[in-house]
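# Structural overview
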Amino acid sequence: MAAPAEQGHGWGSRGHWGGDKRAPTPTLRWGVPTCPPITAPHPFPMVSPAIALAFLPFLITLLIRYRHYLVLLYRAVLVGWLRDRLTGVPREQRAFQYLLAHAIPGDPRHVLQTLDQWSYYCEHLSCVGPVKGRIVERLVRERAPQRVLELGTYCGYGTVLLAQGLPLGARLYTVEPDPRHAAVAEKVIRLAGFDERTVELIVGPSEEVIPRLRARHGLAKADFVFMDHGKRCYLRDLQLLETHQLLAPGATVLADNVLFPGAPHFLQYAKTCGKYRCKVHRASLEYFRAIPDGIAELCYVGNC
């Protein structure tokens, strides 16, 4: 008769395999105890097909509702980024090459139309565009300002738009922080037929340029201001213009893209500070009619 197994011997003690009934029992292979293989947990838990199907209508609804924003992301970001890498030429420089091939020199309206064609059918440019551009053009002609300040030159679209509506003897100061964009804008502005006496391009961050506009560039007070640079800079730069007393009484301040991507702090300040009469001209995003946007129009009435 076989002897009973000795309790507490070797692998049978508690804390090892044999002493705890919940632990697996070792097997012998070639006289050496082995343990069964341990299966690692799957790093990504499986999702039930029923749960996945339940979310499908929700995902389809999101895609349908935001399809225009997805197209904007594709055209404005992905396509430009890919072509920048493939060609080694920045998007703004490619637009200027297209302009040289198709625009009529000295004709600002045709220059703008050519840039619109490029943005509609080739690559997206973040300019004010033709829809909101008509609002800007109308207000410039109504106000007939003598001293105009533009913050955010980019490729020169807004500069040409403003300059073509100026009365005789007026001067436009435009500020661009990026030297590469400024180099393209300079060529676009001159191609449209405006020289340094009408348009002065200033390269540098707006927060550094604004305090020295009077002393270095001779801008005592601006009658008309067009903001189309970083939306987070709108409020800061408006307050800088106030601090340095660069806004003439009754000056008009226009700010693009206040609804998309939006400038809520700027709008709140303009509506509540008591220094401005404010309204928003609702329109659509440049070159994307399905995406709502708007231009804020502020009339400076000074401190109350």
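In this text the structure is predicted, and so the values were computed from the model without any measurement.

### A word on the environment of alanine 101
With respect to the helices and strands, the residue alanine 101 is situated in helix α3 (residues 91-102). On the accessibility criterion, alanine 101 (59% relative accessible area) is exposed. Along the chain, alanine 101 and threonine 114 lie 13 residues apart, while their C-alpha atoms are 9.7 Å from each other.

### What to know about unusual backbone geometry
Cis geometry is adopted by the peptide bond preceding proline 261, which originates at phenylalanine 260 and carries an omega value of 0°. Here proline 261 lies in helix α11 (residues 258-262). Phi is positive for alanine 144, which is not a glycine, with a value near 50°. Mapping alanine 144 onto the fold places it in the loop between α5 (129-143) and β3 (147-151). On the basis of relative accessibility, which here comes to 38%, the residue alanine 144 falls in the partly exposed class. At asparagine 257, a residue that is not glycine, the phi angle is positive and equals roughly 60°. If you trace the backbone, asparagine 257 turns up in the loop between β7 (247-255) and α11. With relative accessibility at 2%, the residue asparagine 257 sits in the buried group.

Rules used throughout
Residues numbered from 1 in each chain as written. Predicted model: local features only at pLDDT ≥ 70, side-chain atom pairs only at ≥ 80, totals over all residues. Heavy atoms only, no water. Helix = DSSP H or I, 4+ residues; strand = E, 2+ residues; numbered from the N terminus. Buried < 20%, exposed > 50% of the residue type's maximum accessible area, 1.4 Å probe, protein only.

None of this, on its own, says anything about what the molecule does.
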